[in-house]
Amino acid sequence: MREPSVAIAARLTDPEIVPDAARYAMSTPDQTRLNETRMRPRVLDLWWALRPLTSVVRLMNSGAHPDDETTALLAAVALRDGISLSYACSTRGEGGQNDIGTENGPALGALRTREMERACDLLNMRLYWLGTSPDDTITDFRFSKSGDETMEIWDRDHLLHRFVEIIRIDRPDILLPTFLDVPGQHGHHRAMTQAAIEVMQAAADPEFSSNLPVWQISKLYLPAWSGAGQAYDDDLPPPETTLTVDGAGKDPVSGWSYARIGQMSRAAHRTQGMGRWVPAGPGPDWPLHLAQTHVSGPDTALTSGLPQTLADLVELAPDLREDLLAAHGYITETVSAFPNFTHMAATAQTALRHVQRVLDDCPPEIEHRLSDKETQLSHVLRLALGIEASAHTDATWLRPGDSTPLTVEFDPGDAADATLTLDLPVGWQHEDDELTTTRAANVTDPYRTEYDPANPPAPCLSLTFGTTSVALPMREPPVMLPDRVAFMAPDSALVNLNTDQRALTIAIGDVSPAGNKVTFDLPENWKSDVCEGGVRVTLPKDTAPGLYTLPLFVGPYPAMTERRIAYEHIDPTAFANPAALRVRVLDVAVPEGKVGYIGSGHDGVAHWLSAMGADVTDLTDDQINSERALAEFDTIVIGIFALRFRDGLVSEMPRLHTWVRDGGTLLTLYHRPCDNWDPDAVPPERLEIGQPSLRWRVTDAQAEVTQLQYHPILQTPNEITADDWEGWVKERGLYFAKSWDAAFVPLLSMSDPEEEPLKGALVTAEIGKGRHTHCSLILHHQMANLVPGAFRLMANLIAPRT
């Protein structure tokens, strides 16, 4: 059984530990690079670079979250049909799960932003975000069951204005939302589909406030498939199918099906556990419903009624007929010449010259299509000529004024005139083998508003050859961090007035500028002292209950704190915010008894139990495997997702069942059915978790809670009252129990507006001499946000059965 990551515990005690990735066995940088190179040989890169040359059609997929894109369909239409892709995404997914680490909120949004960018790389898909910063109203605020509620929170006018900007910048011919606006679907998905319908008219309306030229999308398709599944449950059937996109077939060079290539892109969303192996065989077809069209004629293909090649643009620019037809002819010859690199280079260069001549004098309505062709031909030419370039720095993390050695590799191939330069952000400089920065360097933006794989953001490489240039990304581009910062752990703390503990030790490290004094802005009568590795903050004995915020200063100025985010599957990034210590002071009775915690690195519950004053031990595999060791504990808590991510735990559940029947108190925290929760084998008595989650969750964090039973869990050692349900954030809970053995008793009832009450949020059963309680309330999230009632309820849940 694999032990959980120690990243959380280490972060709370050791300022030298960088809070980035969970620590698993990792490849060396050279091994990683060799593997990536093996997967993308030059001949495959060149073949895929040729595909968009064959079409001038542009399709935009739209969704609410990273991972909402329809990757299998997109892979087919891009790599088979040559259609140019873009994706408009409303949120960064900052309210979602995290299967690989402990980032949450805006830090998770930063991580998922980079995951979405990596997913786009494989499909050469441009990316646009409607929510442009962590403070934007367009955010993944929580699960919603209502499109109208989502629109109100996001601000409909703001959302539509940003969507219009994106449409007018990208100029797609086709718009395809991923989901339907139907009851039973995620409210975020419904809102984005509503917005897609509205933007068809708004983007073409000259009266709509914008400095950008209008653009009329030619077609709006809706999915003619149901979005029901483990999470959603569409109430209405999908619209009739008017067009089916063939999903069968294989990419002729790689031999991979388009469905498999789609999953290769989808696997970038590791925080969401995405990426499924696709067995050999044809992929699924994709039924679509043509909801709006502004072109004439029958709709027998996605491209029906649209200009499909450069030759079709002659009608829009008759004066440029000769160059357009010549460019089309040489492009056709370039594609046909594959894999004769020499022949392809010659014809691509000629095609490029004709495209550039057209660009010098083309009408605005086709300029974007010609610009696409210029970029596409430039990349084809680079690959055909065998030009190779890469660059990386020794240091990943920089501050304004830092320098780092820079390694550049450059092979001009068959391009004698090829030159390489670096495109650097403001305040960055390159001289010899050193990359230096000045105080003017800006912090790297973790929430980039746009991303184009064919034109990566600085710092990047710029290759110039012949009449053109192309941009290439750096390997692991360095991240510019704030200049006035201190790493602080923990950044949230709990003081229980029911204990004698009044001192908090806060580890401080990585102070910049180095040598500056670090202080907190303290409430009246609070004290602080410098201690080894940090600062000790002492509260008066008579401190009133409440939430206190203590800003951190480096020297005389407010400091930032940062979360460095580095995983093998993404480019590194970081999220910084004002540094402050949040302290919750409350009075909670903590039961006696020894508590064992079985975690997987996805929550901080063990830490918070200890902070309350409970006697908590993080159980090792050896302890879980030993009846004698288990007998030392009165209560055992299984943390969220532990049955999935703690290898071997499921097979040890019979041992825990025996421990419960012998008098132990078992508490299982929220799990999904996919987390290896077998209703007949995991709990001591049958307990089924409900799905799809939309039907078995309460998204309103302030939903009224009714106590159904007078039960010790709600009475001792703390009496749970209406006050304990105040101040909750995000939602009450999800994946509530659906059905259970007669031994279980439901303790609470709650519901979202206009829905029937759910009773599976908290159920408990007396099993032999012991007890099993299952809690689907997101107590781990409430404790992390210092919600008082969550601590009081958790104290009761760990109380041994008497």
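Procedures and definitions
- Residues numbered from 1 in each chain as written.
- Predicted model: local features only at pLDDT ≥ 70, side-chain atom pairs only at ≥ 80, totals over all residues.
- Heavy atoms only, no water.
- Helix = DSSP H or I, 4+ residues; strand = E, 2+ residues; numbered from the N terminus.
- Buried < 20%, exposed > 50% of the residue type's maximum accessible area, 1.4 Å probe, protein only.
- Contact = heavy atoms within 4.5 Å.
- Pairing = 2+ DSSP bridges.
- Axes fitted to C-alpha atoms, helices over the stretch in contact; angles between N-to-C directions.

## Remarks on the side chain of Thr-347
Inference 1: Within the element layout of this structure, Thr-347 appears in helix α11 (residues 341–359).
Inference 2: A residue is classified by how much of its surface remains accessible, and Thr-347, at 5% relative accessible area, is buried.
Inference 3: If sequence neighbours within four positions are ignored, Thr-347 has contacts with Tyr-330, Glu-333 and Thr-334.

## Topic: the sheet that holds strand β15 (residues 460–465)
Inference 1: If you trace the 3 strands from one edge of the open sheet to the other, you get β11-β15-β16, paired in antiparallel fashion. A strand with exactly one partner marks an edge of an open sheet, and here the two such strands are β11 (419–423) and β16 (468–473). Taking the axes of each pair of neighbouring strands and ignoring which way they run, one obtains an average angle of 25° across the sheet.
Inference 2: In terms of strand pairing, β11 meets β15 through 5 bridges, oriented antiparallel. Each bridged residue has a counterpart across the sheet, and for Thr-419 the counterpart in β15 is Thr-464.
Inference 3: Here helix α12 (residues 364–385) sits on the sheet and contacts β15 and β16; the angle it forms with β16, its principal contact strand, is near 80°.

## As for the pairing of strand β39 (residues 770–775)
Inference 1: Of all 6 residues making up β39, 6 are buried, and the element is well covered by its neighbours.
Inference 2: The alternating pattern of β39 places Gly-770, His-772 and His-774 and Arg-771, Thr-773 and Cys-775 on opposite faces, both of which are buried.
Inference 3: With 5 bridges joining them, strand β32 (residues 665–669) and β39 adopt parallel strand pairing. Within the sheet, the bridge partner assigned to Thr-665 lies in β39 and is Arg-771.
Inference 4: Pairing geometry for strand β38 (residues 762–767) and β39, over 6 bridges, is antiparallel.

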